[in-house]
Each structure stands twice: as C-alpha cells, then as structure tokens.
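Residue-level structural notes
The chain contents come next:
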Amino acid sequence: MKTVIGASLLVGSLLVSGATAANAQAKPTLGPYGYGAVKLGMTVKQAKATRKVVKKTPGAPSNDGCSGWDLKQFPTPKDSVGVYISSKVGLAAIFAAKGMTTPEGIKIGSTAKQLKAAYPHIEKTFQGFYSITVPGNKKAYYLFDITRGKVADYSISLNKQDCFN
C-alpha cells in the first residue's frame, strides 16, 4: 500500500511541476523580436493572422501612415494604443503593459537601479528617456520612461519605425 501511495504522490507531483513549467514557458516576454506571436516588422495581414491583435485606429487615408492596435490580452484605454503598424515598415512598436517583462526581467515598476544593472550601456536621451539597442536584435530598441526612480512605461520599436517621434 505504501508503494502505491508513494507512486501516486510522485506522479501527482510530476504532473503539477510539469504544468507549472509549461505555464512559465508559455508566458511571452517583450523582446527581442516582439511579444509572443506578434513580431516587429509584421504586415497588418500577418499581425491579424496571429489573432492576438485588435484594430483601434485606422491608418492615414493615403495608406502611408500608421494604424493603432492593441494586443487582445492587454487592452488599452480609449485614447491610446498598445501597438503601431506602419504601412511602410510593418509592426513598428509594442508598448508594455503591466505583467510584461523583457527577457532581462525588467517590467513596469522595476527600479532605475535594476534597469541599469540589466542594461549597463543604457543611455539617457535628450528627451529624458532611457534607450538601448535590444539585446539580440540590433534592428530594434527599448525606450524606458523612469518616473520617481521606477520604470513607468517602456516599449520596443524598430529602429526605422515611422509612427512617432
């Protein structure tokens, strides 16, 4: 009887730890190429095919502007967007939501000290943000806003994005 109980406990613990490991692996990060299936550079058609985005604002009528989208998992308030898609360069930027992290562990609420430890070569821009080339993707950069010593907002964008300054 002890053998059966012990085997049952072992199988149960393996099932639980396996589910936990699967959940940890399933949680996507913001970077180095996007967020989960939503990747920088994707066309509107490709982004829509992921079924992970919803359109919020149309692009310019001449079709050489940017349209605003949200990640379905992270809807934004009425007058904002979480993703920009450019008719010229494709998916240009993804803005972080609470719960997202970079592969280096930075998230909204991380301290400036943690940010600088994760990205030792980060530089302050003349606008007051902190910027660095995304580790593992030299075609993109992170932009962090630090308020009261903590990361208030951040994004990942293509170097050649044309949707905002």
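Cut-offs and rules
- Residues numbered from 1 in each chain as written.
- Predicted model: local features only at pLDDT ≥ 70, side-chain atom pairs only at ≥ 80, totals over all residues.
- Heavy atoms only, no water.
- Helix = DSSP H or I, 4+ residues; strand = E, 2+ residues; numbered from the N terminus.
- Buried < 20%, exposed > 50% of the residue type's maximum accessible area, 1.4 Å probe, protein only.
- Contact = heavy atoms within 4.5 Å.
- Areas by Shrake-Rupley, 256 points an atom, 1.4 Å probe, with all protein chains shown as cover.
- Core = buried A, V, L, I, M, F, W, Y, C linked by side-chain atoms within 4.5 Å.
- Pairing = 2+ DSSP bridges.
- Disulfide = S-S within 2.5 Å.
- Salt bridge = Lys/Arg side-chain N within 4 Å of Asp/Glu carboxyl O.

**Digging into the overall build of the protein**
Helices and strands together make up the secondary structure of the protein, namely three helices and 10 strands. Along the protein, helices and strands appear, N-terminal first, in the series α-β-β-α-β-β-β-β-α-β-β-β-β. Expressed as a percentage of the 165 residues in the protein, the buried residues total 33%. Within the protein, residue pairs in contact and separated by at least 24 positions form 43% of the contacts whose partners lie at least 6 positions apart. For the protein, the accessible area works out to roughly 10,300 Å², and carbon and sulfur atoms hold 58% of it.

**Here's the deal with the nonpolar core**
Membership of the largest hydrophobic core comes to 35 residues, with the highest contact counts inside it found for Leu 71, Leu 91, Ile 94, Met 100 and Phe 144. Within the residue set of this core, elements represented by two or more residues are β4 (66-71), β5 (83-86), β6 (90-95), β8 (130-134), β9 (137-147) and β10 (150-158).

**Overview of the sheet that holds strand β3 (residues 53-57)**
Sheet strands pair by backbone hydrogen bonding; their relative direction is either parallel or antiparallel. Taken in spatial order, the eight strands of this open sheet run β3-β4-β5-β6-β10-β9-β8-β7, and their pairing is antiparallel. Edge positions in the open sheet fall to β3 and β7 (123-124), since each of these has one partner strand only.

**A closer look at the state of the cysteines**
All told, the structure shown has one disulfide when counted by the stated rule. Covalently, Cys 66 is tied to Cys 163 through a disulfide, its sulfur atoms 2.0 Å apart. Between Cys 66 and Cys 163 the disulfide shows an S-S torsion of about -90 degrees. By sign, it is left-handed. Placement of the pair is Cys 66 in strand β4 and Cys 163 in the segment after β10, with a sequence separation of 97 residues.

**Some thoughts on the pattern of salt bridges**
Counting across every chain of the model gives one salt bridge. A salt bridge links Lys 56 to Asp 70, with the nearest nitrogen and oxygen atoms 3.3 Å apart. Placement of the pair is Lys 56 in strand β3 and Asp 70 in strand β4, with a sequence separation of 14 residues.

**Notes on the environment of Pro 120**
Among the structural elements, Pro 120 can be located in the loop between α3 (112-118) and β7. Residue classification places Pro 120 among the exposed residues on the basis of a relative accessible area of 60%. A sequence separation of 12 residues divides Pro 120 from Ile 132, and the C-alpha atoms of the two residues are 9.5 Å apart.

**Side note on the side chain of Ser 155**
On the secondary structure map, Ser 155 appears in strand β10. By relative accessible area, Ser 155 is classed as buried at 3%. Apart from residues lying up to four places away in sequence, Ser 155 is in contact with Ile 94, Phe 95, Ala 96, Tyr 141, Tyr 142 and Leu 143.

Functional significance is not addressed by these values, which are geometric in nature.
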